[in-house]
Protein chains: 2
Amino acid sequence: MTTTKTKKGAAALPLNTIVDGDCIEAMNALPAGSIDLIFADPPYNLQLKGDLHRPDNSRVDAVDDAWDQFSSFAAYDRFTQDWLAAARRLLKPNGAIWVIGSYHNIFRVGAAMQNAGYWILNDVVWRKSNPMPNFRGKRLTNAHETLIWASKEEASKYTFNYEALKALNEGVQMRSDWVLPICTGHERLKNEAGEKAHPTQKPMSLLHRVMVATTNPGDVVLDPFFGTGTTGAVAKMLGREYIGIEREANYREVAEKRLSKVRKFDKEALQVTTSKRAEPRVPFGQLVERGMLNPGEELLSMNGRHKAKVRADGTLIGDDIKGSIHQVGAKLEGAPSCNGWTYWCFKRDGKMVPIDLLRQQIRAEMTDRPN
Amino acid sequence: MTTTKTKKGAAALPLNTIVDGDCIEAMNALPAGSIDLIFADPPYNLQLKGDLHRPDNSRVDAVDDAWDQFSSFAAYDRFTQDWLAAARRLLKPNGAIWVIGSYHNIFRVGAAMQNAGYWILNDVVWRKSNPMPNFRGKRLTNAHETLIWASKEEASKYTFNYEALKALNEGVQMRSDWVLPICTGHERLKNEAGEKAHPTQKPMSLLHRVMVATTNPGDVVLDPFFGTGTTGAVAKMLGREYIGIEREANYREVAEKRLSKVRKFDKEALQVTTSKRAEPRVPFGQLVERGMLNPGEELLSMNGRHKAKVRADGTLIGDDIKGSIHQVGAKLEGAPSCNGWTYWCFKRDGKMVPIDLLRQQIRAEMTDRPN
DNA sequence: ATGTAGTGTGAATCAATAA
DNA sequence: TTTATTGATTCACACTACA
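This one's a predicted model, so the numbers in the text were calculated from it and none came from an experiment.

In this section: the pattern of salt bridges. Any two side chains of opposite charge can pair, on the condition that their charged atoms come close. Residues and elements named next belong to chain B. Going through the model one piece at a time under the given rule, you end up with 21 salt bridges over all chains. Taking the shortest distance from any N to any O, the salt bridge between Asp177 and Arg175 comes out at 2.8 Å. The pair Asp177 / Arg175 is uniform in exposure class, with both members buried.

For the rest of this paragraph, the subject is the packing of aromatic side chains. Summed over all chains, the structure comprises 25 aromatic pairs over all chains. Aromatic pair B:Trp149 and B:Tyr158: ring centres 5.5 Å apart, planes at 85 degrees, arrangement edge-to-face. Classification of B:Trp149 as buried rests on a relative accessible area of 1%. Each ring, one from B:Tyr343 and one from B:Trp344, has its centre 4.8 Å from the other, and the planes form 85 degrees; the classification is edge-to-face. Overall, the relative accessible area of 0% leaves B:Trp344 in the buried class. Grouped by ring-pair contacts, the aromatic residues A:Trp98, A:Trp149, A:Tyr158, A:Phe160, A:Tyr162 and A:Trp178 constitute a single cluster. Against the face of B:Tyr118 rests B:Arg88, its NZ or CZ located 5.7 Å from the ring centre.

Residues and elements named next belong to chain B. Direction vectors running N to C along helix 2 (residues 73-90) and helix 3 (residues 106-116) enclose 45 degrees, while the axes themselves pass 10 Å from each other. Comparing the axis directions of helix 2 and helix 3 gives the class oblique. Pair helix 2 / helix 3 crosses with right-handed handedness. Each of Phe73, Tyr76, Asp77, Thr80, Leu84 and Arg88 in helix 2 lies in contact with helix 3, whose residues at this interface are Arg108, Val109, Ala112, Met113 and Ala116. Taken together, the residues that form the contact of helix 2 with helix 3 break down as 7 nonpolar, 1 polar and 3 charged.

All names here are of chain B. Surrounding DNA strand D, one finds 40 residues, the nearest of these being Arg54, Ala62, Tyr103, Arg136 and Lys138. Counting only atoms of DNA strand D within 4 Å of the protein, the sugar-phosphate share comes to 48%. Each residue belonging to the surface near DNA strand D can be placed in one class, and the counts come to 18 nonpolar, 8 polar and 14 charged.

Basis of the calculations
Residues numbered from 1 in each chain as written. Chains lettered and ligands numbered in written order. Predicted model: local features only at pLDDT ≥ 70, side-chain atom pairs only at ≥ 80, totals over all residues. Heavy atoms only, no water. Salt bridge = Lys/Arg side-chain N within 4 Å of Asp/Glu carboxyl O. Buried < 20%, exposed > 50% of the residue type's maximum accessible area, 1.4 Å probe, protein only. Phe/Tyr/Trp six-rings, centres within 6.5 Å; stacked < 30°, edge-to-face > 60°. Lys NZ or Arg CZ within 6 Å of the ring centre and 35° of its normal. Axes fitted to C-alpha atoms, helices over the stretch in contact; angles between N-to-C directions. Helix = DSSP H or I, 4+ residues; strand = E, 2+ residues; numbered from the N terminus. Parallel < 35°, antiparallel > 145°, perpendicular 65-115°, else oblique. Left-handed = near helix turned anticlockwise from the far one by under 90°. Contact = heavy atoms within 4.5 Å. Nonpolar A, V, L, I, M, F, W, Y, C, P; charged D, E, K, R; others polar. Near = heavy atom within 4 Å.

Put into C-alpha cells, the structure is as follows:
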C-alpha cells in the first residue's frame, strides 16, 4: 500500500497510497499538473436539528459527525473555495473533476466551481433505487444526489469514453440520470461492533461508471475526501492509479485493509469499446493509390440522385464541382457538411456499396491495436 | 382577464391578469406578504457557441433569444439576487417558491436563494422521457432539469399535500425525481407560421404536480417569468388564482388567448400526469457496475457450446467477437438475432444460471416508476 | 519557441409525435 | 406501416500559416 512509483519526467507522486492529513495542505504538497481526475465527496454541511425516528420509534442513525459541521454559509464557502483551488492546481490541463453533493451544499459548490474557472460538462443525477423514505411525510422522499462533472477549463480536452458508456447502456447514449442502489449489504463496510464504518459510503457502481466514462487505464485519480476508499478500490480494480487523502485515522485504517484485498481485473476485461474517431484516419486518396478505385470511375450518391467521377489525386468532380468527397457531397446536397464516406457508393456485382467499406478493409489490414 | 378581486384584509391584487413590465419593478409594485406560491422559470443564461446540426444535417433551433443573454456571471448574479429579493417580499410568511433551471444557472440560483434566507425543502429532478440527444457524442445526454422548492424562511409552515402526491404516485410516497415528457404535440403553442410560440414552454404536467403538491384551492400563485402562461393555465384549471408578469408583448398576447380558453377542472387536463407503465429496461452493463458479474468472468451459452468473457463496459468478448450480449450470441450462433438475457449463463454452486435472473433481481429492487 | 487565427476533414441521434 | 420532424446545447479537432 505504500508503493511510490516515479513517473517519467514528473515529480514523485504517492501513487496508490493514502495520505494522512488535511485535504488542502496535502493537496498543496503535491506537484501541480499531475492528476488526471479528481473525485470529491466533500462534507455536505447538513444542518440537523434533533433526532429523527422511524414510524416504529427506532432512531435514524444520521450524519452528525464533527467534520460535517460549519458555523455558517460563509465558512462553508471559504472551505469550498480553498479546496477547489488546491484541486484545480493539481489537475493536468486536460484534467477533470467530479463532485457529489445534495441540496444542502451542491448549489454553493457548483457556483464556486464556475467562479474558480472550472467548465461544467454535465450535472448528473444519481437516482437511488432504494432511498430512505421521508418518515414524517413533510416533504418529498429525497431520492437522489447530484454530481457535477467539469473540466479544468473551457478549453480542456477532457476524456469521455462515449462508446463505452453507450455499451454500458445497451447501445443507447448514456443519459444524465443514473439509477443505482445505495451502498448496503456486504459491500457496506462495518466495524467490529457491526456498525457502519462510514456514514456516507458511496456504492462502487457509481465510481465504476464515473471511471469508465472519464478515465483511461493508467490515469491518476485523486480523492481528497477518501473516507473508506471506494474511489481507490474501484481505481485499483479498473487498473487506474489512485491517491487518497484522509485525515481520520479510523477511516484510513478501514480503507487500507479494504484496498489490500482488492484485485485488478485482467487486462482484456479492462478494454472498452472505442469510437470510430479513435480509429486511424484513412485519406480517400489511398483507395485510388491502392487501386481499390480507379481514376475516372463513377461514384453514385446514396440516394441515387448524384454522380461524380474519381480523379487521380483523390478528389471528385461532378456537375462542375471539384473537391474532396465531403465537399462535393455537401455542395450537391446544399448541406453545410457531409460525410463522404457514407454518402458515396460504387457498383460491385450490380449492387451499391458505400466506399466506407473500402476504408474498413484498409483499417483491418493495419496493425491490430488493442483498443 | 382583468378581473381584480379584493381579498379580505389585503391590498388589491391584480388577480388572474398578466402584468406588463419588468419582473422586478412589477413585483415591487405589488403589496408585501400577499402571495402563497411563486413559480419562477428565469433565463438560464445559456452560452451557445455556434450552430449545432443533427447527423442528418438539419439545424437545431436553439434558444438564442436576447432575454437569455447576460454579459457575465456577475451580471447574472445581480439580476438573480434582485428578483429573488423582490419575490421574497411578496410571499406570505408561510409562502413558498419553486425555481427551475439547468446546470448553466441552477447552482448560482440555489446559492442565491440560500443567501437570501429562503429555506430549501427539496431539490427535484425533472427527468425528461424524451430529451434531445447529444449529437456529437461528447457528453452525456442532458436529460433532466432541476427544480428547487423552498419556503420563505426556515420557520415557515409551508403547504405540502402529502396524501395527494402519494395518490398521484400509485400509493407510494412521491420521490424527488419526476419522470415527465417535454412539451410537444398540440400542447405546444405555435404561431401563425407554425413555429413554436416560445422556445422553452414547460409541460402542464410539471406545473400540475407542483400545484397539487404545494398549494390549496384559492391560493394566489405568482409567475414573474410568465412566458406563454403555463402556470396561469394550470392554476386556472385547478381553481387557484394566478398573477403573471411578462415584458414581451408577443408572449402576453399568446398567453391571454390561451388562458381565455382554459376552463376550471377540465377533467382531461387532470389526466395529464397519469401514464402507462412499462417494465424498466435494465442494461447488461449494470450487472457489471453493480458487481453481480465481474470483468473477466466467463459466461457460457445455454447450449454449452460457446464461452465469452465479460468486459468492464458491459460488452462481451468471445472467439475474437466483441459486442453486446445479444450481438455476440447472435454471431456465435450464426443467427440474425439472439436474446442474450436468456442465452448466456454463469456458474453458481456448480449450476448454470441464466443472467436474466440477475436482471430480475435488479427489477425487483427498483421502486421507481419508469414513466 | 509560443500562441492564435484560419482552414480542411469528418464524426454524430433518442423518443415521441405528425404526416 | 413507414418516414419525417424536433426538443433550454455551454456538442471537433488537427493542422498550417503567421505574428
